[in-house]
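Topology and contacts: notes
So the chains spell out like this:
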Amino acid sequence: MISLPDPIASPLPFIFAEDKHGDRQAREALFCTFNADLGYFERTVLGVTQSTGARVTVVGDGRISDPDPRAARNAGTRYVHGLAVTKAGAAFHPKVTVITGPERAVVAVGSGNLSPGGWHLNQETWTIATASQEHCPAIVPQVAAWLRTLPDASVIAPQAAKGIGRTATLLERLAATATVVDTGHRIVHTSTAPIIDQLPDGDVDHLLLYAPFHDEKGAAVRQLIERLQPRRVTLAVQSDGRTVIQPDALRLVLANLNAQFDVLEDGGKRYRHGKLVEAVRPDGSRWTLTGSPNLSARALLLSASEGGNIEVGMVTAPADSIFAFPESQAVELSEVPAVRIAGAAAGRAAPATAGPARGAASRAVPRPLSLRGAAEFRADRCGGHAARR
């Protein structure tokens, strides 16, 4: 019921699997994303999605949307392309895909944008649930409940808002007819509360962190450490300045915290766009947070009404660690280059900006519309816990 095929890069194999049923039972297909490459979507995803019987809605961030009209020839005719804008000016940043009808549903919550990078080239994190009239994972009605929050948390194009509402209704109806099964997964989101306040309680011995984007002041990392009180923290970054981070700001944060802090530099060629918070308890058990939230204040520390992004994450308790960087080496924090986002998206990376880093040379990088490469995970078919790919 909670599964990913091998290999997995995106929800696309599950859309093909739904189409193979041949009964065209799907009624709605919804793609919530930060940025959408509509040319890629029309070439690769749209045809098979419509073949399932669904009408299609794509919702992306209105401030970053810049589709190529020569590539996006079918928006407004074969599908609805709607834009969403947060009321506080932050990012509409969820990565949620739903294909649903009266008999079955596919619900995917992950880190990949609707683009070649997010669905093919990057290493991403995905948790994908399939539901039927007999068995329905609990995250399916949880996603429906999240969809109901979007009109209050953001301003959405009217036709897209209608598609969101229809999708929520179908998920609710399917969950009402089926046996709802607790697979150990739980949706967290920023529509009503900060994600950090929704994380599990309890002692943490080792905190493992990775995200491609950090806020300028290291506020998210600081508050995670303060809340969880781990004895040890391990942070992974990517080589060649592929992690947006201010190491000097982070060094100031760590100076006031009583935790051993280690840094791993991942030398893998693929861009890691997946995000991961993994907390290991003293008894060796663990919980993880995956999904769309980066290690930033707007992703983890603020609700949408407080100026935070629209984010959706997945909390679960895997038996084994999914923090795996086989091509990594230990480095000092002082060796990590300072990297900032350049361009219009920079203002939404964190609530406030800091001055130039004092340690490593500061490097500004544009935030691309389609990122090139994050850790890829799969969830075991019945156990409901994530295992790394």
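Heads up: these notes are all about the structure in this document. Note that the structure is predicted; figures quoted are calculated from it, not measured. (Residues numbered from 1 in each chain as written. Predicted model: local features only at pLDDT ≥ 70, side-chain atom pairs only at ≥ 80, totals over all residues. Heavy atoms only, no water.)

**Things to note about the nonpolar core**
- In terms of nonpolar packing, the biggest core is built from 36 residues, with Leu-207, Leu-209, Leu-224, Leu-289, Leu-295 and Leu-300 touching the most fellow members.
- Residue assignment for this core shows that the elements contributing at least two residues are strand E11 (206-210), helix H6 (219-228), strand E12 (232-238), helix H7 (247-255), strand E14 (276-280), strand E15 (286-291) and helix H8 (297-300).
- With 6 residues, H6 is the largest single contributor of residues to this core.
- When sequence neighbours within four positions are dropped, the list of residues in contact with Leu-207 reads Leu-224, Ile-225, Leu-228, Pro-230, Arg-232, Val-233, Thr-234, Val-277, Glu-278 and Ala-279.
- Grouped together as the second largest cluster of nonpolar side chains are 34 residues, Val-96, Leu-171, Ala-178 and Ile-187 included. (Core = buried A, V, L, I, M, F, W, Y, C linked by side-chain atoms within 4.5 Å. Buried < 20%, exposed > 50% of the residue type's maximum accessible area, 1.4 Å probe, protein only. Helix = DSSP H or I, 4+ residues; strand = E, 2+ residues; numbered from the N terminus. Contact = heavy atoms within 4.5 Å.)

**Side note on the environment of Ala-105**
- Tracing the chain through its elements places Ala-105 in strand E5 (residues 104-110).
- Its relative accessible area of 2% is what places Ala-105 among the buried residues.
- A C-alpha to C-alpha distance of 9.8 Å links Ala-105 and Ala-175, two positions 70 residues apart in sequence.
- Look past the residues within four positions of Ala-105 in its chain and what remains in contact with it is Ile-99, Thr-100, Ala-129, Thr-130, Ala-131, Leu-171 and Leu-174.

**Some words on the packing of helix H1 (residues 12-20) against helix H2 (residues 38-51)**
- Relative to each other, H1 and H2 sit at 30°, their axes nearing to 8 Å. Of the possible angle classes, the one that applies to H1 and H2 is roughly parallel. When you trace H1 past H2, the crossing you get is left-handed. Residues Leu-12, Ile-15, Phe-16 and Asp-19 of H1 touch H2, and the partners they reach there are Thr-44, Val-45, Val-48, Thr-49 and Ser-51.
- Along the lines of polarity and charge, the residues of the contact of H1 with H2 split into 5 nonpolar, 3 polar and 1 charged. (Axes fitted to C-alpha atoms, helices over the stretch in contact; angles between N-to-C directions. Parallel < 35°, antiparallel > 145°, perpendicular 65-115°, else oblique. Left-handed = near helix turned anticlockwise from the far one by under 90°. Nonpolar A, V, L, I, M, F, W, Y, C, P; charged D, E, K, R; others polar.)

**A look at unusual backbone geometry**
- Even without a glycine there, the phi angle at Arg-24 is positive, about 50°.
- Tracing the backbone shows Arg-24 in the loop between H1 and strand E1 (28-32).

**With respect to the sheet that holds strand E17 (residues 328-331)**
- With mixed pairing, 8 strands are arranged side by side in an open sheet as E10-E16-E15-E14-E11-E12-E13-E17. Among the strands making up the open sheet, the edge pair consists of strand E10 (186-189) and E17. Pairwise comparison of adjacent strand axes, ignoring direction, gives a mean angle of 20° for this sheet.
- The pairing of E11 with E12 spans 5 bridges and is classified as parallel. Paired with Leu-207 across the strands is Val-233, a residue of E12.
- Helix-sheet contacts for H6 involve E11, E12, E14 and E15, and the interaxial angle to E11 is about 160°. (Pairing = 2+ DSSP bridges.)

**Let's talk about the sheet that holds E5**
- If you walk across this open sheet you meet the 7 strands as E6-E5-E4-E1-E2-E3-E8, and the pairing is mixed. Two strands lie at the open edges of the sheet, namely strand E6 (126-132) and strand E8 (154-156), each paired on one side alone. Averaged over all adjacent pairs, the angle separating strand axes in this sheet is 15°, with direction ignored.
- Across 5 bridges, E1 lies against strand E4 (residues 96-100) in antiparallel orientation. Bridged to Leu-30 within E4 is Val-98.
- H2 contacts E1, strand E2 (55-61), strand E3 (80-86) and E4 of the sheet and is inclined by roughly 150° relative to E2.
- The sheet strands contacting helix H4 (residues 139-153) are E1, E3, E4, E5, E6 and E8, and the helix crosses E8 at an angle near 90°.

**What about the pattern of salt bridges?**
- A complete count under the given rule lists 15 salt bridges for this structure.
- Put simply, Glu-28 and Arg-55 hold a salt bridge, and the shortest N to O gap is 2.7 Å. One end of the pair, Glu-28, is in strand E1; the other, Arg-55, is in strand E2, and 27 residues separate them in sequence.
- Judged by relative accessible area, Glu-28 falls into the buried class, the value being 2%.
- A salt bridge links Asp-201 to Arg-227, with the shortest nitrogen-to-oxygen separation between them at 3.1 Å. (Salt bridge = Lys/Arg side-chain N within 4 Å of Asp/Glu carboxyl O.)

**Observations concerning the packing of aromatic side chains**
- Throughout the structure, instances matching the rule amount to 6 aromatic pairs.
- Ring plane angle 70° and centroid distance 5.2 Å describe the contact between Phe-31 and Phe-41, whose orientation is recorded as edge-to-face. With Phe-31 in strand E1 and Phe-41 in helix H2, this residue pair connects regions lying 10 residues apart in the sequence.
- Accessibility expressed as a relative area gives 1% for Phe-31, which makes it buried.
- For Phe-41, a relative accessible area of 0% translates into the label buried.
- Ring plane angle 55° and centroid distance 5.7 Å describe the contact between Tyr-210 and Phe-325, whose orientation is recorded as tilted. Of this pair, Tyr-210 sits in strand E11 while Phe-325 is found in the loop between strand E16 (312-316) and E17, placing the two residues 115 residues apart along the sequence.
- One aromatic cluster is present, built from ring pairs that chain together Phe-31, Phe-41, Tyr-79, Trp-119 and Trp-126. (Phe/Tyr/Trp six-rings, centres within 6.5 Å; stacked < 30°, edge-to-face > 60°.)

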